[in-house]
Amino acid sequence: MKINVCEEVTNLENGTYTAEIDTINEYENKKLLMKLILEDKTIFVKFFESEKLAQYSWNNIFKALNTDDTDDLIGKIIEFEIVNKKSEKNGYEFSNIKKVKLV
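These figures come from a predicted structure and were not determined experimentally. (Residues numbered from 1 in each chain as written. Predicted model: local features only at pLDDT ≥ 70, side-chain atom pairs only at ≥ 80, totals over all residues. Heavy atoms only, no water.)

1. Observations concerning the packing of aromatic side chains
- Tallied over the entire structure, the rule returns five aromatic pairs.
- Ring geometry for Y17 against F80: centres 5.8 Å apart, planes inclined by 25 degrees, an arrangement best described as stacked. Placement of the pair is Y17 in strand β2 (residues 15–28) and F80 in strand β5 (residues 77–86), with a sequence separation of 63 residues. Per residue, the accessibility class of Y17 equals that of F80, and both read buried.
- Aromatic side chains F44 and F80 sit 6.2 Å apart centroid to centroid with 10 degrees between the ring planes, which places their arrangement in the stacked category. Of the two residues, F44 sits in strand β4 (residues 43–49) while F80 sits in strand β5, which places them 36 residues apart along the sequence. One exposure class covers both F44 and F80, and it is buried.
- Here the aromatic residues Y17, F44 and F80 are joined through ring pairs into a cluster of three or more. (Phe/Tyr/Trp six-rings, centres within 6.5 Å; stacked < 30°, edge-to-face > 60°. Helix = DSSP H or I, 4+ residues; strand = E, 2+ residues; numbered from the N terminus. Buried < 20%, exposed > 50% of the residue type's maximum accessible area, 1.4 Å probe, protein only.)

This is the structure:
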């Protein structure tokens, strides 16, 4: 069987991106894994506390769709800004999503 190998990343360069929300899965109590398919087909994997999706700027997406269910986000196109921050403890760089909006 032939398979398609996907390019999945957890960090992106600072900048603005457009992506389709492909997957939102709960993997622990109130923790979510989200996969966003970028225009170049790279899959950006982001982990969230569920409370973060209820706050600005993600809450704008839920308001625009008039929903409180993450399943309603699947297949939607969003534009978001990445601002990276380096951990002072271990030096690891995190890609933080800012300014999310529906396209």
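2. Some details on the environment of N25
- Locating N25 in the fold gives a position in strand β2.
- For N25, a relative accessible area of 40% puts it in the partly exposed group.
- A sequence separation of 10 residues divides N25 from K35, and the C-alpha atoms of the two residues are 9.0 Å apart.
- Apart from the residues within four sequence positions on either side, N25 is in contact with K31, L32 and L33. (Contact = heavy atoms within 4.5 Å.)

3. Notes on the pattern of salt bridges
- The full count for this structure, using the stated rule, is four salt bridges.
- With a shortest N-O distance of 3.6 Å, K101 and E79 are connected by a salt bridge. Taken together, the residues K101 in strand β6 (residues 93–102) and E79 in strand β5 connect sequence positions 22 residues apart.
- Note on K101: relative accessible area 45%, which makes it partly exposed.
- Since its relative accessible area comes to 26%, E79 is described here as partly exposed.
- The shortest N-O distance in the salt bridge between K99 and E81 comes to 3.7 Å. In this pair, K99 is assigned in strand β6 and E81 in strand β5, connecting sequence segments 18 residues apart.
- Accessibility expressed as a relative area gives 24% for E81, which makes it partly exposed. (Salt bridge = Lys/Arg side-chain N within 4 Å of Asp/Glu carboxyl O.)

4. Points about the nonpolar core
- Residues L36, W58, F80 and I97 are the most contacted members of the largest nonpolar core, which totals 22 residues.
- Broken down by secondary-structure element, the contributors of at least two residues to this core are β2, β3 (31–38), β4, α2 (59–65), β5 and β6.
- Leaving out residues up to four positions away in the same chain, I97 has contacts with L36, F44, K46, F48, W58, F80, E81 and I82. (Core = buried A, V, L, I, M, F, W, Y, C linked by side-chain atoms within 4.5 Å.)

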